[in-house]
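# Working through the structure, step by step
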Amino acid sequence: MVDANTDHSEADEIQRAVELIHLGARLQLLESETRLSRERLVALYEEVTGAAPGAAMPPLPADWFLVWKPNIHASLFISIWRYLKTFFGMQGVDAIMQAYRLYLGHMQATCLDPILSVTRAWTLTRYFGVLLDTAPCSACGHDFVVDAHAVKSSPVCGFCRAPVAETTAHREGGELGYKAAGDRTGQEGDSR
Ligand SMILES: [Zn+2]
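Okay, so let's go over this structure. Computed from a prediction, not measured in an experiment: that's the story for all the values here. (Residues numbered from 1 in each chain as written. Predicted model: local features only at pLDDT ≥ 70, side-chain atom pairs only at ≥ 80, totals over all residues.)

## Some remarks on the pairing of strand β2 (residues 143-147)
The criterion, for reference: Two strands pair if DSSP finds at least two bridges between them. Secondary structure elements are defined from DSSP: runs of H or I of at least 4 residues count as helices, runs of E of at least 2 residues count as strands, and each element is numbered from the N terminus.
Note that strand β1 (residues 132-136) and β2 share five bridges and pair antiparallel. Note that in β2 the partner of alanine 135 across the bridge is phenylalanine 144. Hairpin geometry of β1 and β2 is characterised by an intervening segment of six residues between the two adjacent antiparallel strands and by a positive phi of about 85 degrees at glycine 141.

## Details of helix α5 (residues 92-109)
Where we set the bar: A helix's residues, less one, multiplied by 1.5 Å, set its expected span. Any residue with 12 or fewer other C-beta atoms within 10 Å of its own C-beta is exposed, any with 20 or more is buried, and the rest are partly exposed; the C-beta atoms used are placed from the backbone.
Spanning 18 residues, α5 covers 26 Å between terminal C-alpha atoms, matching the ideal 26 Å at 1.5 Å per step. Among the residues of α5, those classed as buried are Val93, Ile96, Met97, Ala99, Tyr100 and Tyr103. Positive phi appears at cysteine 111, one or two residues downstream of α5, with a value of about 55 degrees.

## Topic: the packing of α5 against helix α6 (residues 118-127)
Here is the rule we go by: Only the stretch in contact is used when a helix axis is fitted, and all axes are lines through C-alpha atoms; the angle between N-to-C directions ranges over 0 to 180 degrees. Orientation categories follow fixed angle ranges, with anything under 35 degrees roughly parallel, anything over 145 roughly antiparallel, 65 to 115 roughly perpendicular, and all other angles oblique. Definitions for this section: a left-handed crossing has its near helix turned counterclockwise from the far helix by less than a right angle. A right-handed crossing has that turn clockwise. For every residue pair, C-beta atoms are placed from the backbone, and the pair is scored as a contact if these atoms sit within 7 Å. All residues other than Ala, Val, Leu, Ile, Met, Phe, Trp, Tyr, Cys, Pro, Asp, Glu, Lys and Arg, Gly among them, are scored as polar; the first ten of these are nonpolar and the last four charged.
Where α5 contacts α6, the two axes come as close as 10 Å, and the packing angle between them is 125 degrees. Here α5 lies oblique to α6, going by the angle between them. Note on packing geometry: the crossing formed by α5 with α6 is right-handed. On the side of α5, the interface is formed by Ile96, Tyr100 and Tyr103, while α6 contributes Val118, Ala121, Trp122 and Thr125. Here the residues of the contact of α5 with α6 are counted per class, giving six nonpolar, one polar and no charged.

## Quick notes on the environment of tryptophan 64
Tracing the chain through its elements places tryptophan 64 in the loop between α3 (38-49) and α4 (68-88). A count of 15 C-beta atoms within 10 Å places tryptophan 64 in the partly exposed class. Along the backbone, tryptophan 64 and leucine 124 are 60 residues apart, and their C-alpha atoms lie at a distance of 9.6 Å.

Here it is as C-alpha cells:
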C-alpha cells in the first residue's frame with residue numbers, strides 16, 4: 001500500500017512538474033514546489049523543452065509588482081488566484097497554475113502581452129500577505145496590489161491613474177498638438 005501511494009504521489013509530482021515546465025516555469029520554482037530531485041527535474045526540463053534550464057536568477061523584488069504596468073497584471077492575477085482559492089478550494093501550486101492559465105487566456109482574449117511569467121506569478125504569491133497585499137481603489141472600488149506596509153489612505157489603482165512618466169511626456173510633448181487637434185475637431189464637427 002505504501003509503495004502504491006508513493007508511486008501515485010511521484011506520478012503526480014512528475015505530472016505537475018511537466019505542466020509547470022510547459023507553462024514556462026524556471027528550475028527554482030520546480031525545486032520549490034515539487035518533491036522531485038534536482039537531477040530529475042533537470043532531466044524532465046530537458047525532455048520537455050529540448051534545452052537545459054537557464055541559470056538561476058535572483059527573484060524579482062516585491063517593488064516590481066508596484067510599478068504601474070506590472071501592478072495591473074499582478075492585480076488581475078491575484079484576483080483570479082484568490083477566486084480559485086475561495087470558491088473552488090484550490091491550494092498551493094495547483095491554484096497558481098490554474099490562475100496562470102486563466103490569466104494567459106485573459107491576455108489572449110484582450111490581445112495584451114502577458115508580462116507575468118508563471119515564475120513571476122509564483123513569486124508574487126510568495127510575497128502576498130508578507131510584503132504585498134491588496135486594497136480597494138478609492139476611485140473604482142476594485143482590489144489591487146499594494147505595499148502591505150505602506151497602504152495609502154486613498155489608494156488609486158493603475159486603471160484609474162496614468163503612470164507618471166506618460167503623464168509627464170504628454171504634458172511636455174503632446175499638449176499643443178493634442179489641443180490643436182481637439183480644437184479643429186470641435187470646429188469641423190457637428191455642434192457636439
Ligand atoms: Zn481604480
